[in-house]
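Results of the structural survey
If you want the building blocks of each chain, they are given just below.
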Amino acid sequence: MVRHFSVAEARNRLTKLIHQAEEDGPVRISRRGKPVVVLVSERDYVKISGDASGFSEAAEAFRLSLSPEDLVGIGDALKGLRSKEHGRKVTL
């Protein structure tokens, strides 16, 4: 639920409104009865602004950050992590 405050109320209660935005969601601030700004948490802002990268972007960035020297011996490190046995039988 979005809470509404005037600019004057927001000025006097800014710290409290910041905590409310972090914990309970957006806070709408109005001037002369017209909404002019919405105070949102950083977490919510990142979600709606598209600045958050997904798994594939993060994995690609990690891959690009590696040099060939970083990969020397990786095959030996991964041996034995996966079973060579066949998977279970599944009836679809």
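Up top you'll find the structure we're talking about.
First, a word on what this report is: a plain description of the structure on this page. Residues take numbers from 1 onward in each chain, read along the sequence in its written order. Under the rules for a predicted model, residues below a pLDDT of 70 receive no local features and side-chain atom pairs below 80 are neither given nor counted, while totals for whole chains, interfaces and linings still include all residues. Just so you know, side-chain values use all the structure's heavy atoms and leave hydrogens and water out.

Let us now look at the sheet that holds strand β2 (residues 27-31). Only strands that DSSP links by at least two bridges are regarded as paired with each other. Secondary structure elements are defined from DSSP: runs of H or I of at least 4 residues count as helices, runs of E of at least 2 residues count as strands, and each element is numbered from the N terminus. Strand order in this open sheet of 3 strands is β1-β2-β3, and the pairing throughout is mixed. Strands at the two margins of the open sheet, each flanked by one partner only, are β1 (3-6) and β3 (34-39). The mean inter-strand angle of the sheet, taken between neighbouring strand axes irrespective of direction, is 35 degrees. Relative to β3, β2 is paired through 5 bridges, and the arrangement is antiparallel. Bridge pairing in β3 links Arg-31 to Lys-34. Interaxial angle, 0 to 180 degrees, is taken between N-to-C directions of lines fitted to C-alpha atoms, where a helix line uses only the stretch in contact.

Here we take up helix α2 (residues 14-24). Structurally, the α-helix is built with 3.6 residues per turn, so residues lying three or four positions apart point the same way. Three labels apply to residues, based on accessible area from a 1.4 Å probe with only protein chains included: buried if under 20% of the type maximum, exposed if over 50%, partly exposed otherwise in between. Listed in full, the buried residues belonging to α2 are Leu-17, Gln-20 and Ala-21. Taken around the axis of α2, the buried residues stretch over an arc of 100 degrees, which confines them to a single face. When the buried face of α2 is taken as reference, the exposed residues oriented beyond 90 degrees from it are Thr-15 and Glu-23. Considering only its buried residues, α2 is in contact with β1, α1 (7-12), β2 and β3. Once α2 finishes, Gly-25 follows within two positions and takes phi at roughly 110 degrees, a positive value. Arc definition: it is the arc formed by the directions from the helix axis to the C-beta atoms. Note on contacts: a residue pair qualifies if any of its non-hydrogen atoms lie within 4.5 Å across the two residues.

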